[in-house]
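Survey of secondary and tertiary structure
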Amino acid sequence: LHDALPIYESRRVIDYVGGVEDLRRKVVRAIGNPRDRFDEDKLRMLRGVRFAATFDFDLDEATSAAIAELAATVTVVSAERIAQEMRALLVLPGRARGLELLRQTGLLAVILPELVPLAETPVERDRLASDNLWQRTLDVLGRLPSPGFPLALAALLHASAWHEAGSVGDGA
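Quantities reported herein were computed from a predicted structural model and do not represent experimental measurements.

Some words on the side chain of E100
Mapping E100 onto the fold places it in helix α6 (residues 95-105). Within the structure, the side chain of E100 is placed 2.7 Å from the side chain of R103, a separation counted as a polar contact.

As C-alpha cells, then:
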C-alpha cells in the first residue's frame, strides 16, 4: 500500500507492481499477497480504507477479502494509531464512503461495534431518504461541508444513542 511507484530524480516512474494500472482503474491494491501485507502490519487495513476514501477509489477484491478475513486482528494495533486513522478518515470529503468500507470489510465491527446494529435499524423515510439508521448516519456525515474531527465524530455517534434508546423517528 505504499512505495509501490518510486519516482526518481529524472521524474521517471518505475512500475514493477502494476501501480500505474491500479491508478488508472482507481483501485487500492496491496502489493503481492494482501494477507501477507496485513499480517506484516495490521494498520495497513485501516490505511487501505482511508486511501480508498481519500481518492474515491475502490478496494481491490483480494485486498478487500483479506481485510475482511483479518479484521478482528486489528486489535493488536494501539488504540492511539487506530484513533489517528479514524481522525484522518472522519475529516475527509469521502468520510461516509470510508465508513461504509469499514462496515463492509468488518473493521467497523471491531473498532466501533456499537454502530453495526444501525444498518439493521429501520427509520421512517424523510428528506434524507434513508432506509436504516446507518444510511441516515452516512447521509448526515456526507452533508457536513468540511467538519473538524469533533463534529464529524458527533455526527457518526449520534445515532447510536437513538438505537440504544429504542426510539427512531424523524428526529434521528
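Now that the structure is up, let's keep going.
Considerations on the packing of α6 against helix α8 (residues 133-143)
Contact pair α6 / α8: the axes reach a minimum separation of 8 Å and the direction vectors enclose 150°. What the angle tells us is that α6 and α8 run roughly antiparallel. In this structure, α6 uses R95, A96, L99, E100 and R103 to contact α8, whose residues at the interface are W134, L138, L141 and G142. Classifying every residue of the contact of α6 with α8 gives 5 nonpolar, 1 polar and 3 charged.

Observations concerning the pattern of salt bridges
The full count for this structure, using the stated rule, is 12 salt bridges. When the shortest N-O distance is used, the salt bridge between D22 and R25 registers 3.5 Å. Remark: R25 and D22 occur in helix α1 (residues 19-25); sequence separation between them is 3 residues, near one turn of the helix. Accessibility expressed as a relative area gives 44% for R25, which makes it partly exposed.

Side note on the packing of aromatic side chains
Inspection of every chain in the model, using the stated rule, returns 1 aromatic pair. Between the aromatic rings of F55 and F57, the centroid separation amounts to 5.9 Å while the plane-to-plane angle is 50°, which identifies the pairing as tilted.

Side note on the environment of L59
Following the sequence through the fold, L59 ends up in strand β2 (residues 58-59). The exposure class assigned to L59 is buried, which follows from its relative accessible area of 12%. With 42 residues separating them in the primary sequence, L59 and L101 have C-alpha atoms 8.5 Å apart. Setting aside anything within four residues of it in sequence, one finds L59 in contact with V27, V28, G48, V49, A52, S64, I67, L101 and T105.

About the thresholds
- Residues numbered from 1 in each chain as written.
- Predicted model: local features only at pLDDT ≥ 70, side-chain atom pairs only at ≥ 80, totals over all residues.
- Heavy atoms only, no water.
- Helix = DSSP H or I, 4+ residues; strand = E, 2+ residues; numbered from the N terminus.
- Polar contact = N/O pair within 3.5 Å; in protein donor to acceptor, adjacent residues only side chain to side chain.
- Axes fitted to C-alpha atoms, helices over the stretch in contact; angles between N-to-C directions.
- Parallel < 35°, antiparallel > 145°, perpendicular 65-115°, else oblique.
- Contact = heavy atoms within 4.5 Å.
- Nonpolar A, V, L, I, M, F, W, Y, C, P; charged D, E, K, R; others polar.
- Salt bridge = Lys/Arg side-chain N within 4 Å of Asp/Glu carboxyl O.
- Buried < 20%, exposed > 50% of the residue type's maximum accessible area, 1.4 Å probe, protein only.
- Phe/Tyr/Trp six-rings, centres within 6.5 Å; stacked < 30°, edge-to-face > 60°.

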